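# Coordinate analysis (summary)
So you can see what is in the structure, the chains are spelled out below.
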Amino acid sequence: MMHFEFQVEGGNFTKAGAASSQLKKILKQLNVDPKIVKRIVVALYEAEVNIVAHAYKGDIIIDIDTQKIGIKLIDEGPGIPDIEQAMQLGYSTASPSVREMGFGAGMGLPNIKNNSDELRITSEVNKGTIVELITYLNQ
Amino acid sequence: MTVSELAEQLNLRVFSGNEGLNHEITNGYTSDLLSDVMGHAEAGNAWITLQTHRNVMAISSLKDLSAVILVKGFEPEADMLAQSNEEGIPVLGTNDETFVISGKLYNLLNKQ
Ligand SMILES: Nc1ncnc2c1ncn2[C@@H]1O[C@H](COP(=O)(O)OP(=O)(O)OP(=O)(O)O)[C@@H](O)[C@H]1O
Ligand SMILES: [Mg+2]
């Protein structure tokens, strides 16, 4: 069992992806199958950037055991009023300045879904969002 | 084909990331949408874009891309340049438009 935690600052794009980069290094050291590492990196990056782009701050909690990698992202932020709508390819409420950087294509949540084995999103408007991802190691 | 061979053949400027000039280029990916690249580019790709900030390098590193090619004379911002050097992933530049440089890269990679 291994446990890691990272903090994410809302609005700070200079640090966006730092946790994903750390986890990538850890998984490589643990000799996790490169195909699995690739999927996890995509899923975590998108979830991490969503906190930066859409929330105020958040925590990333990662638990690794012999069977699976569990990632939980808990943020304080505006929440997601309609999760089904948010999951749709192309749906985005990103601000113009965020879009100018090339974010805000509405592809992040679909990328997360395509690159995790289990995905659960719960959210409360004006409070925050919890994204839980599970990736199984031996399939 | 390596990044330095590519830079020479297409007459590209090398801004940074010289350590990665020996990276092998498998293919190209053209997009200015970061999540599109995150979801669909593949390891070894050269990424053609007009985005000039450091998040481009974060993605390039996470996806194991071999180089970034900036179009239309765009130059990397200071933080992009710094991260390119840190990661050893070259940032190249051209005055060509996206369509033109994508076509040139396509032809070059499919000629071999
Ligand atoms: N952590 C979050 N807090 C609040 N809203 C969120 C959060 N994550 C996603 N959303 C909402 O869901 C929408 C879709 O998210 P998604 O990641 O698919 O696209 P995006 O972030 O807008 O653009 P992209 O990910 O392509 O750069 C967002 O525009 C936002 O409205
Ligand atoms: Mg997103």
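Cut-offs and rules
Residues numbered from 1 in each chain as written. Chains lettered and ligands numbered in written order. Predicted model: local features only at pLDDT ≥ 70, side-chain atom pairs only at ≥ 80, totals over all residues. Heavy atoms only, no water. Helix = DSSP H or I, 4+ residues; strand = E, 2+ residues; numbered from the N terminus. Buried < 20%, exposed > 50% of the residue type's maximum accessible area, 1.4 Å probe, protein only. Near = heavy atom within 4 Å. Polar contact = N/O pair within 3.5 Å; in protein donor to acceptor, adjacent residues only side chain to side chain. Areas by Shrake-Rupley, 256 points an atom, 1.4 Å probe, with all protein chains shown as cover. Nonpolar A, V, L, I, M, F, W, Y, C, P; charged D, E, K, R; others polar. pLDDT = per-residue confidence, 0-100. Pairing = 2+ DSSP bridges. Expected span 1.5 Å × (residues − 1). Axes fitted to C-alpha atoms, helices over the stretch in contact; angles between N-to-C directions. Contact = heavy atoms within 4.5 Å.

Let us look at unusual backbone geometry. A positive phi angle, close to 70°, is found at Asn126 of chain A, a residue other than glycine. Within the fold, Asn126 of chain A resides in the loop between strand 4 (118-124) and strand 5 (128-136). Since its relative accessible area comes to 71%, Asn126 of chain A is described here as exposed. For Asp64 of chain B, which is not a glycine, the phi torsion comes out positive at approximately 55°. For Asp64 of chain B, a relative accessible area of 34% puts it in the partly exposed group.

With that out of the way, let us pick up the site of ligand 1. Taken together, 21 residues lie near ligand 1, and His54, Ser92, Thr93, Gly104 and Met107 of chain A sit nearest. The local environment of ligand 1 is shared, drawing residues from chains A and B. One of the side-chain nitrogen or oxygen atoms of Asn50 of chain A is found 2.9 Å away from an oxygen atom of ligand 1. Coverage of ligand 1 by the protein chains reaches 95% of its 590 Å² of free accessible surface. Every element with two or more residues in the shell around ligand 1 is listed here: helix 2 (34-54) and helix 5 (108-114) of chain A. By residue class, the composition of the shell around ligand 1 is nine nonpolar, ten polar and two charged.

The subject of this paragraph is the confidence of the model for chain B. Interpretation of this model should avoid reading the predicted coordinates in detail wherever pLDDT is low. When pLDDT is averaged along chain B, the result is 97; 99% of the residues meet or exceed 70. Scored as a whole, the predicted complex attains pTM 0.97, and scored at its interfaces, ipTM 0.95.

A few words on the pairing of strand 3 (residues 68-76) of chain A. Residues and elements named next belong to chain A. Here strand 2 (residues 57-64) runs beside strand 3; their pairing, made up of eight bridges, is antiparallel. Considered in strand 3, the bridge of Ile60 is made with Leu73. Between strand 2 and strand 3, which pair antiparallel in sequence order, lie three residues. Here nine bridges tie strand 3 to strand 5, and the two strands are oriented antiparallel to one another. Residue pairing for strand 5: Gly70 is matched across the bridge by Ile134.

Our next topic: helix 2 of chain A. Compared with the 30 Å implied by 1.5 Å per residue over 21 residues, the 30 Å span of helix 2 of chain A between its first and last C-alpha is a close match. Two to three positions downstream of the cap, the backbone nitrogen of Lys35 of chain A sits 3.0 Å from a side-chain oxygen, assigning the N-cap of helix 2 of chain A to Asp33 of chain A.

What follows covers the sheet that holds strand 5 of chain A. Residue and element names in this part refer to chain A. In space, the five strands of this open sheet follow the order 1-2-3-5-4, with antiparallel pairing throughout. In this open sheet, the two strands that pair with only one neighbour each are strand 1 (2-9) and strand 4. Sheet twist, expressed as the mean angle between neighbouring strand axes with direction ignored, is 10°. As defined by bridge partners, strand 4 adjoins strand 5 across seven bridges and the pair is classed as antiparallel. Bridging across to strand 5, Thr122 finds its partner in Ile130. Sheet contacts for helix 1 (residues 18-29): strand 1, strand 2 and strand 3; angle to strand 2, the most-contacted strand, approximately 10°. With respect to the sheet, helix 2 is in contact with strand 1, strand 2, strand 3 and strand 5, its orientation differing from that of strand 3 by roughly 5°.

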